[in-house]
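Each chain, letter by letter, is given below.
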Amino acid sequence: MALDSNTCNGADTAYVNIFIPGPLSATVSPFDTICQGDTTQISITAAGGQSYQWSPSTGLSSTVIANPLANPSSSTLYTVIAIDTNGCADTASVLVEVLPLINAGFTPSFIPCSIPIQVDFQNTSNGGVNYIWDFDDGGATSTQTDAQYTYNGDGTYTITLIAIDSNSCNFADTVSVDIFLPPPTQITVSGGDTICTGQTTQLNASGGESYLWSPASGLDNPTSPNPNAGPGSTTNFQVIAIDSNGCADTGYVQVDVYPPAAIEAGSDILLDIGDEPVLNPTIPSNGIFYWTPSTGLSCTSCSNPVANPEVTTMYYLYFTDLYGCTYVDSLIVMVTPSVFIPNAF
């Protein structure tokens, strides 16, 4: 009603209808779970809705229809904006959970070069709940998550693991891995002997690809399978042999050395004219000996021969002990040249 302000006191009345729309209520269904690689139908109901806008667009067949097909590669929360004929809008969301595909895997570990040998299998599968192991050894199996198995023979084995999930996808994955269990190295060692001081004997090792002898002292080549050994005293040699699989074994061989005999031919002698010196050597009592050369000596098998050579001579004393070891020492008998003095009378 409108009234004027003049003296006429006039008035007029007008009527207008207005529409106040109710709020839009948008809903979506279902809260869904799919297996990776599957497609599901998302249904949406919005009272009075005329247009729709979905986000994100990843994995949707359409972003502007009420019922798009959803096929995301990973779990995704979708949001839709619904607008009705009155321009009113509402928002709703739905989570599409994607269950990952199962991936079977494992890592074997063991200490090689021994039989029997225990192998530990660490399960590295993704998405698995139940497991079946096949150890390729006469039908031996296990359903443990992480498995252990003892093999009684060397060789190559194909280990198979089946991993199974527990969701409605009921997926399973299978993986097979070959493992090689090398045989132990078996080294053979020979050549242990008893030698005289200064002699050598050959040591022998077989069964490996590389060798290392110790102690190295007294050996001509400590990395040879057949070194020559000449230790100064009785020695127990160790050899480590490693085969082509990296497996090692250790062997031992002893070289005995007879105790050395101490001999000495004596000091060098300066022989003057008319001298007949007696040689005075140091000779052990338990053995045999002789002198050489015999020239100028009164005897060669006596311990104190008289030496009277005409020229300077080196004499050698050979001594053989009870073990058959021979030792040598020497001395020089130097002869002073004769001086001729003529008789003037």
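A few points on the structure.

How each quantity is defined
- Residues numbered from 1 in each chain as written.
- Predicted model: local features only at pLDDT ≥ 70, side-chain atom pairs only at ≥ 80, totals over all residues.
- Heavy atoms only, no water.
- Buried < 20%, exposed > 50% of the residue type's maximum accessible area, 1.4 Å probe, protein only.
- Helix = DSSP H or I, 4+ residues; strand = E, 2+ residues; numbered from the N terminus.
- Pairing = 2+ DSSP bridges.
- Core = buried A, V, L, I, M, F, W, Y, C linked by side-chain atoms within 4.5 Å.
- Contact = heavy atoms within 4.5 Å.
- Disulfide = S-S within 2.5 Å.

1. Describing the pairing of strand E28 (residues 313-321)
Reasoning step 1: Residues of E28 alternate between two faces, with Thr313, Tyr315, Leu317, Phe319 and Asp321 buried on one and Met314, Tyr316, Tyr318 and Thr320 left unburied on the opposite face.
Reasoning step 2: As paired strands, E28 and strand E29 (residues 326-335) are joined by eight bridges and run antiparallel to one another. Opposite Thr313, over in E29, you have Val333 as the bridge partner.
Reasoning step 3: Following E28, the chain reverses through four residues before pairing antiparallel with E29; Gly324 in that reversal takes a positive phi of roughly 90 degrees.

2. A closer look at unusual backbone geometry
Reasoning step 1: In the segment running from Ser55 into Pro56, the intervening peptide bond is cis, with an omega of -5 degrees.
Reasoning step 2: Tracing the sequence through the fold places Pro56 in the loop between strand E7 (49-55) and strand E8 (69-70).
Reasoning step 3: The residue after Ile115, namely Pro116, is reached through a cis peptide bond having omega 0 degrees.
Reasoning step 4: Its place among the elements puts Pro116 in the loop between strand E11 (106-109) and strand E12 (117-123).
Reasoning step 5: Of note in this structure, Cys113 is not a glycine but carries a positive phi near 80 degrees.
Reasoning step 6: You can see Cys113 is positioned in the loop between E11 and E12.
Reasoning step 7: Of note in this structure, Asp136 is not a glycine but carries a positive phi near 55 degrees.

3. A closer look at the sheet that holds strand E19 (residues 194-195)
Reasoning step 1: Strand order in the open sheet made by the four strands is E19-E25-E24-E22, with mixed pairing throughout. Looking at strand neighbours, the two that pair on one side only are E19 and strand E22 (210-214), the edges of this open sheet.
Reasoning step 2: Two strands pair when backbone bridges link them, and E22 and strand E24 (residues 235-242) are joined in this way by five bridges, in the antiparallel orientation. Bridged to Ser210 within E24 is Ile242.

4. Notes on the nonpolar core
Reasoning step 1: Ranked by internal contacts, the top residues of the largest apolar core, which has 19 residues, are Phe121, Trp133, Phe135, Tyr151, Ile159, Ile179 and Leu181.
Reasoning step 2: Of all the secondary structure elements, the ones that give two or more residues to this core are E12, strand E13 (130-134), strand E15 (147-151), strand E16 (155-164) and strand E17 (172-181).
Reasoning step 3: The element that contributes the greatest number of residues to this core is E16, accounting for four residues.
Reasoning step 4: Non-local contacts of Leu181, meaning those with residues more than four positions away in its chain, are made with Phe110, Ile117, Val119, Tyr151, Gly153, Asp154, Gly155 and Tyr157.

5. Some thoughts on the state of the cysteines
Reasoning step 1: Within this structure, the stated rule accounts for three disulfides.
Reasoning step 2: The partner cysteine of Cys113 in its disulfide is Cys247, sulfur to sulfur 1.9 Å. Disulfide Cys113-Cys247: torsion about the S-S bond near -80 degrees, hence left-handed. Residue Cys113 is located in the loop between E11 and E12, and its partner Cys247 is located in the loop between E24 and strand E25 (248-257); the two are separated by 134 residues in the primary sequence.
Reasoning step 3: Taking the relative accessible area as the measure of exposure, Cys247 reaches 0% and is therefore buried.

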